[in-house]
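Survey of secondary and tertiary structure
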Amino acid sequence: MAHKAKAVLGAVCALGMLFGNAHAASQGDFSDMEPVNLRLAHVVNEQDGFHIAAEKFQELVEERTGGKITVEIYPNAQLGDERTLLESMQVGTVDMGVITNGPVANFVEEIAVLELPFLFPSREAAYEVLDGPIGQDLLDELERVNLKGLAYAERGFRNLTNSRGPVSAPEDLDGLRLRVMENPVYVDTFRALGANAVPMAWTEALTAMQQGTIDGQENPVNVVHSFDLHETQTHMTMTRHTYAPALFVMGLPVWQQMPEAAQEVLENAAQEAAEHERRVNAEMEGEQLQELREAGMEINTNPDLAAFREAVKPVYEEYADQFGDYLPRIREALD
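This text gives an overview of the structure that appears in the document. (Residues numbered from 1 in each chain as written. Predicted model: local features only at pLDDT ≥ 70, side-chain atom pairs only at ≥ 80, totals over all residues. Heavy atoms only, no water.)

**Considerations on the overall build of the protein chain**
Broken down by element type, the protein chain carries 14 helices and nine strands. Dimensions of the protein chain, computed from C-alpha atoms along their principal axes, come out at roughly 65 × 40 × 30 Å. Across the 335 residues in the protein chain, those meeting the buried criterion constitute 56%. Pairs at least 24 apart in sequence give 76% of the contacts found in the protein chain among residues at least 6 apart. When the accessible area of the protein chain is evaluated, it comes to approximately 13400 Å², of which 46% is carbon and sulfur surface. Computed over 24 positive and 55 negative side-chain charges, the separation of the two mean positions in the protein chain equals 1 Å. (Helix = DSSP H or I, 4+ residues; strand = E, 2+ residues; numbered from the N terminus. Buried < 20%, exposed > 50% of the residue type's maximum accessible area, 1.4 Å probe, protein only. Contact = heavy atoms within 4.5 Å. Areas by Shrake-Rupley, 256 points an atom, 1.4 Å probe, with all protein chains shown as cover. Lys, Arg positive; Asp, Glu negative; His and termini not counted. Charge placed at Lys NZ, Arg CZ, Asp CG, Glu CD.)

**Remarks on the pairing of strand 4 (residues 147-162)**
Burial within strand 4 is extensive, with 16 of its 16 residues counted as buried. The pairing of strand 4 with strand 8 (residues 235-251) spans 13 bridges and is antiparallel. By the bridge assignment for strand 8, Lys148 is matched with Met250. For strand 4 and strand 7 (residues 216-219), the ladder comprises four bridges, and the chain directions are antiparallel. Each residue of the ladder has a partner; that of Leu160, found in strand 7, is Glu218. (Pairing = 2+ DSSP bridges.)

**Thoughts on empty space enclosed by the protein**
Counted by the stated rule, this structure contains one cavity of 30 Å³ or more. Lining of the largest cavity is provided by 19 residues; of these, Val43, Glu82, Thr100, Arg179 and Trp202 occupy positions nearest its centre. Classifying every residue of the lining of the largest cavity by side-chain character gives nine nonpolar, three polar and seven charged. (1 Å grid on protein atoms, 1.4 Å probe; cavity = no way out; pocket = protein on both sides within 12 Å on 5 of 7 lines; lining within 4 Å. Points joined across faces, edges and corners; volume = space filled by probe spheres on them. Nonpolar A, V, L, I, M, F, W, Y, C, P; charged D, E, K, R; others polar.)

**Points about the pattern of salt bridges**
Pairing between side chains of opposite charge can happen when the charged atoms of each approach one another. The tally for this structure, following the rule as stated, stands at 15 salt bridges. Residue Asp48 is joined to Arg155 by a salt bridge in which the shortest nitrogen-to-oxygen separation is 2.6 Å. Of this pair, Asp48 sits in the loop between strand 1 (36-41) and helix 2 (49-64) while Arg155 sits in strand 4; the two residues are 107 residues apart in sequence, bridging distant segments of the chain. Here Asp48 matches Arg155 in class, with each residue buried. Residue Glu154 is joined to Arg123 by a salt bridge in which the shortest nitrogen-to-oxygen separation is 3.8 Å. On the criterion of sequence distance, the pair formed by Glu154 in strand 4 and Arg123 in helix 5 (residues 123-130) is long-range, its members being 31 residues apart. Accessibility assignment for this pair places Glu154 and Arg123 in one class, buried. In this structure, a network of salt bridges that share partners links the residues Arg123, Glu154, Arg240 and Glu285. (Salt bridge = Lys/Arg side-chain N within 4 Å of Asp/Glu carboxyl O.)

**Considerations on the side chain of Glu141**
Along the polypeptide, Glu141 turns up in helix 6 (residues 133-141). Judged by relative accessible area, Glu141 falls into the buried class, the value being 17%.

**Considering the packing of aromatic side chains**
This model, assessed by the stated rule, comprises six aromatic pairs. Each ring, one from Tyr127 and one from Tyr243, has its centre 6.4 Å from the other, and the planes form 75°; the classification is edge-to-face. Of this pair, Tyr127 sits in helix 5 while Tyr243 sits in strand 8, and the two are 116 residues apart along the sequence. Here Tyr243 falls in the buried class, since its relative accessible area comes to 2%. Measuring from ring centre to ring centre gives 5.5 Å for Trp202 and Phe227, while their planes differ by 85°; the resulting arrangement is edge-to-face. Of this pair, Trp202 sits in helix 8 (residues 202-211) while Phe227 is found in the loop between helix 9 (221-226) and strand 8, placing the two residues 25 residues apart along the sequence. Across this residue pair, the class does not change: Trp202 and Phe227 are buried. (Phe/Tyr/Trp six-rings, centres within 6.5 Å; stacked < 30°, edge-to-face > 60°.)

**Observations regarding the nonpolar core**
Counting 112 residues, the largest nonpolar core has Phe57, Leu116 and Phe248 as the members making the most contacts within it. A total of ten residues in this core trace back to one element, the largest contributor, which is helix 11 (residues 260-294). (Core = buried A, V, L, I, M, F, W, Y, C linked by side-chain atoms within 4.5 Å.)

**Describing the packing of helix 5 against helix 11**
Where helix 5 contacts helix 11, the axes come no closer than 13 Å and their chain directions differ by 170°. Looking at the two axes, helix 5 sits roughly antiparallel to helix 11. The residues of helix 11 that touch helix 5, namely those facing Arg123, Tyr127 and Leu130, are Arg278, Asn281, Ala282 and Glu285. Residue classes in the contact of helix 5 with helix 11 are distributed as three nonpolar, one polar and three charged. (Axes fitted to C-alpha atoms, helices over the stretch in contact; angles between N-to-C directions. Parallel < 35°, antiparallel > 145°, perpendicular 65-115°, else oblique.)

Take a look at the structure:
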């Protein structure tokens, strides 16, 4: 890490001379800086939306800095699971990542408000909240724990899959051993629905599904498709129970070493890469569902969502006061 730290500090010295006055960054602003390489990690494979977002970010950053800031991508949990990646960013051994919102909430509780069940009625409603002042305030909360939130990419609307049988209503989940993210909101949501919620990292969940030690999991269509979950999961139910963001996150130590113009490039590139990934996810979902059907997965597109919403009301009663004023603000924005 020493060579990278020298590079970052060299960039600070060079760019500090250039950016005495704030202005829009351009390639020319970076012509005299020492090269900086940022290590960006995520836990999914190269077919996943996270990797699509990371590659777009890499392309934009390198183009806008004339190649002086490069981004090296580490997929497939090469550098650890999501909790480990966040901890590594806090101390500077990993520079940044695309991280599912659920694990981030273990560091900043307030951000779990975004994943309360059936909170967002549509993608567009979620984007309006995330890209506005509420979303920015939540990103700013990460600085309390030595992290820097740049933008919201997405995991997407989450759906149930399982290997036991069809699920149309909450009672069909009774006793189902269901992997959920290591996040109390998810655990309590699925316990309210009657499932045996088992929190575990995604890398562990893949093995557990193959071995049959869990019956199911919940994730967006793009994850079910990119990880070939039809091989172990015979049924999917389109509950769309939670909209899950994902975050472009940097370690605050690295962020603070970057001068203002470099920070501007990184923030803008993260936002554009996030919006690119959202578009790709939306465009691909229908095709992915069709391929899963052709592979033998039974997909229930019309579950009893009213019954699911009723069953999770206790979750709102339990968590309503834990997120400060964020839940009332989100509800007001949605209204």
